[in-house]
Amino acid sequence: MSKEIPYKIYLEESEMPKQWYNVRADMKNKPAPLLNPGTHEPMTVEELSGVFCRELAEQELNDKDPYIDIPQEILDFYKMYRPSPLVRAYCLEKALGTPAKIYYKFEGNNTSGSHKLNSAIAQAYYAKKQGLKGVTTETGAGQWGTALSMACAYLGLDCKVYMVKVSYEQKPFRREVMRTYGADVTPSPSNTTNIGRKILEQFPGTTGSLGCAISEAVEVAVSSEGYRYVLGSVLSQVLLHQSVIGLETMAACDKYDIKPDVIIGCAGGGSNLGGLISPFMGRKLRGEADYEFIAVEPASCPSLTRGKYAYDFCDTGMVCPLAKMYTLGSGFIPSANHAGGLRYHGMSSVVSQLYDDGLITARSVEQTSVFEAAEKFARVEGILPAPESSHAIRVAIDEALKCKETGEEKTILFGLTGTGYFDMVAYQKYNDHEMSDYIPSDEEIAASLAKLPKF
Ligand SMILES: *Cc1c(COP(=O)(O)O)cnc(C)c1O
């Protein structure tokens, strides 16, 4: 007999995960190693420790231990905003008239408005533990910078954020949230770094790019004593921290005997998707259960569906290690899509390997249809979703409508990564029917892939 499912399932504090799950331990084909961009040899913990904190460097290279203890200080911080609810989307099911059961794990219930806080607190914690003064990072849309500012404020760590100039000007409120948490926010390109001055000289009036902001943040980290550079997605350590999403979801499902058939997540660098699916993927890899996993990406930046599985630079400045991943090329500039968090040229090496092994499928969706789904969701479920999250909503709705045709009573689970309160310009464009869909041509993608590093 199945129990009656409440609208919202909250775990007890005592049921929250105390360890992160490292899916790499159960993968038969491990993700390819990070390579030193100079020697093309696998990066060692020693080498990575110049860029990341020691313990994070170890986590980055650890593909053996399935479970890693979450330090007590991080567990305590998690308790401020976790467990996050697993919601049964009864209202959406009814509006769609589908026999499918739809669930979403909601990660937008903290001030950063996204799942990014799960890794921000971990990265800031290890930096503090190592006795560092502070961290530097870049932010595009602003969610990662906000999450990191919150974590640094809590731990008394300095936080320098390079924010892409166009976002800095268009999203002044995001900037003020970061400053309220004590972060030092600089529009990029800036006069505070060599690379920034060089770019400003070459392109006066430029509105900046993520690639440029990364280069500035890295330059400041390596030239300031007691600082390290941190990244909010893509890395295996970030997926590890984000596994808290999947572990909570699995505990809630097990408690109520919920067996998802399809698990869906939006994919930018792959951290929320990887975190949500990891424990379920572990069961699949160990032959204990089966699930269909779907990664959803924007048609304007289709790294899984149209990219190449190859070694590439993680940053435009080509200073970070080489990673083997599905990529569009580190020089690929996606068109102006409003889902800022999904505009990265590559994909987590863990997600890439699972996709290459046929364990995950991928779909790309156009932004107008994404906002249609966002609007429908907001009107019946109440939450105003982030544009990024709405990619997962789009495919969840599509799957539920398929069930309506076939009469299948599938259980569909998706990750709702955040809220969209700072994305009102995007919603305005949609409401005014001014939103466009740009899909890169095969020639554009081929031209970018032709510049992949060769060795
Ligand atoms: C950053 C972000 C994403 C995409 O990042 P992943 O690393 O792919 O998870 C998705 N949703 C929101 C709300 C974000 O802030």
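Not measured: the values here are computed from a predicted model.

Caption draft 1: Spotlight on the packing of helix H2 (residues 54–61) against helix H11 (residues 236–255). Where H2 contacts H11, the two axes come as close as 8 Å, and the packing angle between them is 90°. By the angle class used here, H2 and H11 are roughly perpendicular. Contact with H2, carried on its side by Leu56, Gln59 and Glu60, involves Ser236, Gln237, Leu240 and His241 of H11 and no other residues of that element.

Caption draft 2: How the structure looks around the domain arrangement of the protein chain. Partitioning the protein chain into domains gives domain 1 (20–70 + 114–229) and domain 2 (82–113 + 235–436). Here domain 1 and domain 2 have C-alpha centroids that lie 22 Å from each other. Here domain 1 meets domain 2 over a buried area of about 4,100 Å², counting both sides, of which 63% is carbon and sulfur. The largest per-residue losses of area from domain 1 upon contact with domain 2 belong to Tyr21, Ser114 and His115, which jointly make up 16% of the total buried on that side. Our enumeration of links across domain 1 and domain 2 arrives at two salt bridges. Among the salt bridges present, the one from Asp423 reaches Lys171, with a minimum N-O distance of 3.3 Å. Summed over the shared surface of domain 1 and domain 2, the result is 21 residue pairs in polar contact (both at pLDDT 80 or more). Secondary-structure elements contributing two or more residues to the side of domain 1 that touches domain 2 are strand E2 (19–21), H2, helix H5 (117–129), helix H6 (143–155), helix H8 (172–180) and helix H10 (210–223). No other element matches the five residues that H5 contributes to the side of domain 1 that touches domain 2. Of the residues assigned to the side of domain 1 that touches domain 2, the class counts are 25 nonpolar, 14 polar and seven charged.

Analysis parameters
Residues numbered from 1 in each chain as written. Predicted model: local features only at pLDDT ≥ 70, side-chain atom pairs only at ≥ 80, totals over all residues. Heavy atoms only, no water. Axes fitted to C-alpha atoms, helices over the stretch in contact; angles between N-to-C directions. Helix = DSSP H or I, 4+ residues; strand = E, 2+ residues; numbered from the N terminus. Parallel < 35°, antiparallel > 145°, perpendicular 65-115°, else oblique. Contact = heavy atoms within 4.5 Å. Domains from an automatic or database assignment. Buried area = accessible area lost by both parts, 1.4 Å probe. Salt bridge = Lys/Arg side-chain N within 4 Å of Asp/Glu carboxyl O. Polar contact = N/O pair within 3.5 Å; in protein donor to acceptor, adjacent residues only side chain to side chain. Nonpolar A, V, L, I, M, F, W, Y, C, P; charged D, E, K, R; others polar.

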